[in-house]
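Results of the structural survey
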Amino acid sequence: MSEKISTWPGIRSTYIDLPLLTILLLLICIGLVMTGSASLDVSDSIFSSPFHIFLKQVLFVFAGLCVLFMMLMVPTAVIERLSWSLLFLGLGLLVLVLVIGREVNGSVRWISLGIFNLQASEAAKLCIVIYLAAFLVRRLDEVRNHWSGFMKPMAILGCSAILLLMEPDFGSLVVLMAASLGMIFMAGARLLPFLLLMLCVMGMVFLLIVFEPYRMARLTSYMDPWAHAFDTGYQLTQSLIAFGRGELFGEGLGNSIQKLFYLPEAHTDFVYAVLAEELGVIGSLGVLCLFMFVVWRSLQIGQRSEQAGLLFHGFVAYGIALLFISQVLINIGVNTGLLPTKGLTLPLLSYGGSSLLVNCMAFGILLRIDYERRLENDKENKGKRHINETV
């Protein structure tokens, strides 16, 4: 069915998911406001200009929206044909960052492109998910009925895992694995092999934590952050203080105290804590509801596409939804102390060009998927009406 839509038709607004697009734009606007609020003092200290980081984020938002609407114009069949190329691009970026990447805080995750630094893992995750969706379409029977259907994508994911651990970027590895395993499960994989695979992955994650001192230190500080409030638990305790100060209605936009050099990475990894301090429980839960709407809508698009016979469309939609919700839940879990500290941004809200551009690209693809599904559905309905009128 995915081959039926291979032309480049003009975009008609009646086929665009306007509620999803509206919520995405709202989240981007909230992120822009919170980035500005959380970064004023840091920006003034580093760049001698309180609006330097904010204005840079404005440029990222403009570029991200351009990317989103550009991807809305690209037929999904073209993306499916390029799935192998995207896989090599994703793995190539993970190799390239190890060769020429910039080291920041002990991790080599960024490739300098002059105007901004590309976080290789952000782009690689989307590329690998798109390839996996195409693989599931080609090998669907094998995935559902044979062990080899598991082992082949696991080989690709294994290579990706090794490269991500060499950076190291454990958070992106967890997100990629969660999204990939979720896609395989939604494709109809048998439960027993899937559970065994899940246990193997969880066992590997456990070993990676136990045998790496800094990961174990993060885990122990997570268990009792106040016992390590001035060393490994510092970020978490300051984040919890921000949540406590926010109470029900918050201190008011711009009135956060924790962002004044108390909470490290306030405009990136811990922007949700600043949001909770300034907008309170009501504001933070409101933003969480917006995230949940995006995920629900994305999964709905995947389900409807799969039911319409557009399997590649459906699997990509599932993958984008799972990538998004995995990163959202991990970031918010870290901010609230439910998970050990990890360096993952909050999609659409945190400062940074890589995350914003890749997420805008992903949601541009998602909107295109739903556009084509609606277009195909409309064609089928018109055909049925024509047959009925003829009869």
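Structural data are supplied above this passage.
The structure displayed is predicted, hence computed values, not measured ones. (Residues numbered from 1 in each chain as written. Predicted model: local features only at pLDDT ≥ 70, side-chain atom pairs only at ≥ 80, totals over all residues. Heavy atoms only, no water.)

**A few points about the overall build of the protein chain**
- When helices and strands are tallied, the protein chain shows 14 helices and 3 strands.
- In terms of overall dimensions, the protein chain is globule-like: its C-alpha atoms have a radius of gyration of 22 Å, near the 21 Å expected for 391 residues.
- C-alpha atoms of the protein chain, sized along the principal axes, occupy 75 × 45 × 40 Å.
- Expressed as a percentage of its 391 residues, the buried residues of the protein chain come to 53%.
- Just so you have it, the protein chain exposes about 17300 Å², and 69% of that area is on carbon and sulfur atoms. (Helix = DSSP H or I, 4+ residues; strand = E, 2+ residues; numbered from the N terminus. Rg over C-alpha atoms; globule rule 2.2 N^0.38 Å. Buried < 20%, exposed > 50% of the residue type's maximum accessible area, 1.4 Å probe, protein only. Areas by Shrake-Rupley, 256 points an atom, 1.4 Å probe, with all protein chains shown as cover.)

**Side note on the environment of Pro347**
- Mapped onto the elements, Pro347 comes out in the loop between helix H13 (311-336) and helix H14 (353-390).
- Every residue in contact with Pro347, bar those within four places of it in the chain, is listed here: Phe291, Phe324, Gln327, Val328, Ser355 and Asn359. (Contact = heavy atoms within 4.5 Å.)

**Some points on the side chain of Gln258**
- With respect to the helices and strands, Gln258 occurs in the loop between helix H11 (234-246) and helix H12 (271-307).
- Look at Gln258 and you get buried, because its relative accessible area is 5%.
- If we ignore the near neighbours within four places in the chain, the residues touching Gln258 are Gln238, Ile241, Ala242, Arg245, Leu263 and Glu277.

**Looking at the pattern of salt bridges**
- Counting across every chain of the model gives 12 salt bridges.
- Taking the shortest distance from any N to any O, the salt bridge between Arg297 and Asp17 comes out at 2.8 Å. Of the two residues, Arg297 sits in helix H12 while Asp17 sits in the segment before helix H1 (18-47), which places them 280 residues apart along the sequence.
- Here Glu122 ties to Lys125 by a salt bridge, and the two come within 3.9 Å at their closest N and O atoms. Placement of the pair is Glu122 and Lys125 together in helix H5 (residues 120-138), with a separation of 3 residues, close to one helical turn. Lys125 carries the same exposure label as Glu122, and that label is buried.
- One connected set of salt bridges, linked through shared partners, spans Asp17, Arg297, Asp370, Arg373 and Arg374. (Salt bridge = Lys/Arg side-chain N within 4 Å of Asp/Glu carboxyl O.)

**A few points about the packing of aromatic side chains**
- Within the structure shown, the criterion is met by 10 aromatic pairs.
- Ring pairs connect the aromatic residues Trp84, Phe88, Tyr131 and Phe135, which therefore count as one cluster. (Phe/Tyr/Trp six-rings, centres within 6.5 Å; stacked < 30°, edge-to-face > 60°.)

**With respect to the pairing of strand S2 (residues 107-112)**
- Across 3 bridges, the pairing between strand S1 (residues 102-104) and S2 is antiparallel. Paired with Arg102 across the bridge in S2 is Trp110.
- Count of turn residues in the S1/S2 antiparallel hairpin: 2 residues, of which Asn105 carries a positive phi of about 55°.
- With 3 bridges joining them, S2 and strand S3 (residues 117-119) adopt antiparallel strand pairing. What sits directly across from Ser112, in S3, is Asn117.
- In this structure, the hairpin formed by S2 and S3 is closed by a connection of 4 residues, where Gly114 is found at a positive phi of approximately 90°. (Pairing = 2+ DSSP bridges.)

**Notes on the sheet that holds S3**
- Here 3 strands make up an open sheet; going across it, the order is S1-S2-S3 and the pairing antiparallel. Strands at the two margins of the open sheet, each flanked by one partner only, are S1 and S3. On average, each strand axis in the sheet is tilted by 50° relative to the strand beside it, whichever way the strands run.
- Helix H4 (residues 83-100) rests against S1, S2 and S3 of the sheet, and its axis sits at about 100° to S2.
- Strands in contact with H5 are S2 and S3; relative to S3, the strand with the most contacts, it is inclined by about 45°. (Axes fitted to C-alpha atoms, helices over the stretch in contact; angles between N-to-C directions.)

**Looking at the environment of Phe324**
- In this fold, Phe324 is placed in helix H13.
- In this structure, the C-alpha to C-alpha distance between Phe324 and Leu346, residues 22 residues apart in sequence, is 9.2 Å.
- Once you skip the residues sitting within four places of it in the chain, Phe324 turns out to touch Phe291, Val294, Val295, Pro347, Leu348, Asn359 and Phe363.

**Describing unusual backbone geometry**
- Going from Glu167 to Pro168, the amide bond is cis rather than trans, its omega being -5°.
- With respect to the helices and strands, the residue Pro168 is situated in the loop between helix H7 (148-166) and helix H8 (170-186).
- In this structure, Ser48 takes a positive phi of about 60° despite not being glycine.
- Among the structural elements, Ser48 can be located in the loop between H1 and helix H2 (52-71).
- Even without being a glycine, Leu348 presents a positive backbone phi close to 75°.
- For Leu348, the position within the fold is in the loop between H13 and H14.
- Given a relative accessible area of 3%, Leu348 falls into the buried group.

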